[in-house]
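Notes for the structure review
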Amino acid sequence: MVEQAAQMIVHGEAWTIKDLFVLPNEYVYWSIQIVMYPYMTGLVAGAFVLSSLYHVFGVDRLREIARYALVFSFALLPVAMMPLLLHLQQPLRGTHVLMTPHFTSAISAFGIVFMTYACIVGAEIWFVYRKFIVDSVVRLEAQQARKGLDGLLLLIYRGLTLGVRDVSPEALDSDHKAVRFLAGLGIPVACFLHGYAGFIFGSVKANALWMTPLMPVIFICSAVVSGIALCIVSYAIFMEIRKWAARHGKHWLLPDALAHGKHAVDAEHLRGVQQHEVTMTARYLLIFMTLAITLELLDIIFRGYTAVKSWDILRDVIYEHDFTKIFILQYGVGNLLPFAILLLPGLTVRRAALASLFVLFGVFMMRWNVVIGGQAFSLTFDGFMHYHLPVIPHDLETFKEGLMGALLVIATPFVIFYFLNMIVPAFMEDKDAH
Amino acid sequence: MRRRDFLRTAAVFVSGASVSLSALEFLDPGKVLAAHPQLRWAFLVDTHKCVGCGFCVKACKIENDIPLDANVTRTWVERYVIKKNGETVMDCPKGALDGYTSKLLDQGKSGKVLVPDKEVAQAFFVPKLCNHCELPACVQVCPVGATYQTADGAVLVDRQWCIGCGYCIMGCPYGVRFFHPVERVADKCTFCYHRISKGGNTACAQACPFGARRIGNLRDPDDPVAKTVLNQRVGVLRDEYGTKPHVFYLGLNKEVR
Amino acid sequence: MKRHVWRPLFVVLGLVAIILSARMIYVPADFGSQERGYTFGFHRLSNEQEWQAFPAKFKDSAYCGGCHEDKTGSWEASAHAAIPCENCHGAAFGHPDKPEKLGIDRSRGLCLRCHAKLYMPSSGRHDLPGIDAERHNPGAECVACHNPHNPSLEEM
């Protein structure tokens, strides 16, 4: 029978508080994981664009960070999918998006664009590291007694060669051309991957805050910003770890030292590289930040000036309910502060990393203010919904769509990167490589 | 960067962009108009007749296996109290599952308010349900083809195919969709498709003692609902979204959201 | 260009082939664009029949009258004739087989749905007789005094 003794909590009820006139079925259905989703895809797209700056546009100064950004972008890829799966009510049916795509929906493109993008990044990494892979196979095969792990590595590398061991100059030249082509192809696909994430929101005509054609462009710009910022922060941190490891001889953290011998890694040299790469990248960060802020402000100004029917409630949300989140946290801490830090003369690695951390936070708040802010008001334009992030999970749903689920998503790319870095060393300096 | 390099770079960029665009495919919307000519379900709500008893809500929940105590519902009844100073107070406690039995208006977190009788200019009830739009925004945004419109106009959800992404819930301008707490898929009013396609009445319309709710066939000139829609001044909700809703209202006014 | 540059493409083509063949097995045969086109009619066709076969819970008052003529007489002549039996007696489901008996709602709350006095000018509620629920025998069941099948106050 339909009647049940216990109160039945419907999806969204656990974290939504309704105020004034809100329709019975309205809840914050898209919660923290949908904040994480554009955030993570943004990081993927941004990291890739950064690597392409070197590969396609020949910005030579970004050579070292570009290779790292490429590998990190690949490590972030599976994580862009994770929030969606954690959010779905029927995660086991996630493959339906590939099986019966309904292309009038922005989400349906996800499966195809995502796979295309994964293939491009994967292929690009293959071409960049092909020589390394072949070298590794040769080196490991030459070893007399292989330990268990080396045996596994050899197996992986053999598979990764795809049956090609040609490392003649002509072959490497072909690789180089292929990398350039793929990086060029990758930029529009990366922008598409993230632009359509913006389109997912921008095309919802039922949502007054989301519906704007600027949304995809805003998303792409903030994606590049956050991707570059994450690369700066993580590059700075990983280089610190490498310097420490190089000084103390912890070679299990240095895959390139394993491959080329310990002389390949020198702490003093690393410091020079780190300083150069981080400060260079910071300049590009500033350029994209300016673009992103301009567009976001344009959006708010335009809404206020045209003041259509929904503006009354949007004004309440933007200037009252979410004032702190938007103007203090997003624009103040996330934009103005890092701007000032980056523009002060004599930029150091630490300061750039600190500024990038603020930028990362700012872009996260921007995603939050869009996703949660868009659901902060009722379709009636006469009521509000307050979102309370579940911190301590008490069931699967509050775990998946709570703080714990979000932390899980944030932690995963670093775990993946650790293993990926073992196979294709992201920090390898190789003058012959691309 | 030299000019030739730039041109080559640009060419690579553009070719990449065109490849990724070809992944999108839009089909001819002309097909949309080739619907079944004999039958088009539509609904008529007479707000003058509604007394806010909520029998329709209860009947709908029982008929369609929506748990009574779950705070979601396929249909609901709103109360509008318009004061003499022009201010409007609205509420919809539990979707009016238990009807309106108190003068206190439920304002959620802001508590309950009482509008004294002498301040009331007019007050009335508005039943709501899925509009089974001609151009349903919810169907357009479903990424997997789990929600769709039948030839006779009903918008349904395939419970075996829905992935539960919630995009349709976000896409609906009327807030009629929700996640079914047991099935864990998107759920919505079906116009009681199982009843009307066997010649029956919808559970809500049948439970209404006052004839405030009626279902009918727009394509049948003798159908009472079709006649009313044609001959009287009926309104629809939120037509600015361009969805062409097919729940028609008698006695709608501008305060109704 | 060396020929090896095509190797990753072969891997991708292999992936595409795997997905396409998985699609052929996985997607039901009746899945596709129906009358409403790709935008609005892209679905699994048999789901329409599944919804049509959804079990109905409510019958209607005529169905009740088929057996309970003795009860329907006075009700049909009363002011409550507009209220279907099942609103108070509960949905019939498979009655009289399953369930054999229906749970009748005799609660005060049921009557108050219509008869709690609200000030609702410009709505049908205004024309219904109503009580102030807090003053009129609070807590008592209405059916202790009133006959729901013949609510006329003169005949009480």
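The following refers to the structure shown. (Residues numbered from 1 in each chain as written. Chains lettered and ligands numbered in written order. Predicted model: local features only at pLDDT ≥ 70, side-chain atom pairs only at ≥ 80, totals over all residues.)

**What about the overall build of chain A?**
What chain A contains, in helices and strands, is 14 helices and two strands. Over its C-alpha atoms chain A spans a radius of gyration of 23 Å, differing by no more than 12% from the 22 Å that the globule rule assigns to 434 residues. The principal-axis extents of the C-alpha atoms in chain A amount to approximately 75 × 60 × 40 Å. By sequence separation, contacts in chain A at least 24 residues apart represent 75% of the contacts at least 6 residues apart. (Helix = DSSP H or I, 4+ residues; strand = E, 2+ residues; numbered from the N terminus. Rg over C-alpha atoms; globule rule 2.2 N^0.38 Å. Contact = placed C-beta atoms within 7 Å.)

**Quick notes on the sheet that holds strand β12 (residues 247-250) of chain B**
Residues and elements named next belong to chain B. Taken in spatial order, the three strands line up as β11-β1-β12 in an open sheet, and their pairing is mixed. Both edges of this open sheet fall to β11 (213-217) and β12, since each of them pairs with a single strand only. Here the average twist between neighbouring strands, direction ignored, is 25°. As defined by bridge partners, strand β1 (residues 41-46) adjoins β11 across five bridges and the pair is classed as antiparallel. What sits directly across from Ala 42, in β11, is Gly 216. (Pairing = 2+ DSSP bridges. Axes fitted to C-alpha atoms, helices over the stretch in contact; angles between N-to-C directions.)

**A look at the interface of chain C and chain B**
Taken together, the contact between chain C and chain B spans 40 residues of the former and 50 residues of the latter. Residue assignment for the side of chain C that touches chain B shows that the elements contributing at least two residues are α2 (37-41), β2 (42-44), α3 (46-52) and α7 (108-115) of chain C. Looking at which element gives the most residues to the side of chain C that touches chain B, the answer is α2(C), with five residues. Grouping the amino acids of the side of chain C that touches chain B by side-chain chemistry returns 21 nonpolar, 11 polar and eight charged. (Nonpolar A, V, L, I, M, F, W, Y, C, P; charged D, E, K, R; others polar.)

**Section: the nonpolar core**
Residues and elements named next belong to chain A. With 236 residues, the main nonpolar core has Met 40, Ala 47, Leu 76, Val 225, Cys 231, Ile 232 and Leu 285 as its most contacted residues. For this core, the element with the highest residue contribution is helix α7 (residues 214-248), accounting for 17 residues. For Ala 47, the residues in contact, after removing those within four places along its chain, are Ala 69, Phe 72, Ser 73, Leu 76, Gly 227, Leu 230 and Cys 231. (Core = buried A, V, L, I, M, F, W, Y, C linked by C-beta atoms within 7 Å. Buried ≥ 20, exposed ≤ 12 C-beta atoms within 10 Å, placed from the backbone.)

**Some details on the interface of chain B and chain A**
A common way to state how big an interface is: give the accessible area lost once the parts meet. On the chain A side, the residues contacting the 60 residues of chain B number 58 residues. Looking at the side of chain B that touches chain A residue by residue, the classes come out as 36 nonpolar, 15 polar and nine charged.

**Some points on the sheet that holds strand β6 (residues 120-128) of chain B**
Residue and element names in this part refer to chain B. With respect to topology, three strands assemble into an open sheet ordered β3-β2-β6, the strand pairing being antiparallel. Lying at the two open borders of the sheet, with one neighbouring strand each, are β3 (88-91) and β6. Here the strands of the sheet are splayed against their neighbours by 15° on average, with no regard to which way each runs. In this sheet, β6 lies alongside strand β2 (residues 76-83) in antiparallel orientation, the contact comprising eight bridges. In the strand pairing of β6, Arg 79 is matched with Phe 125.

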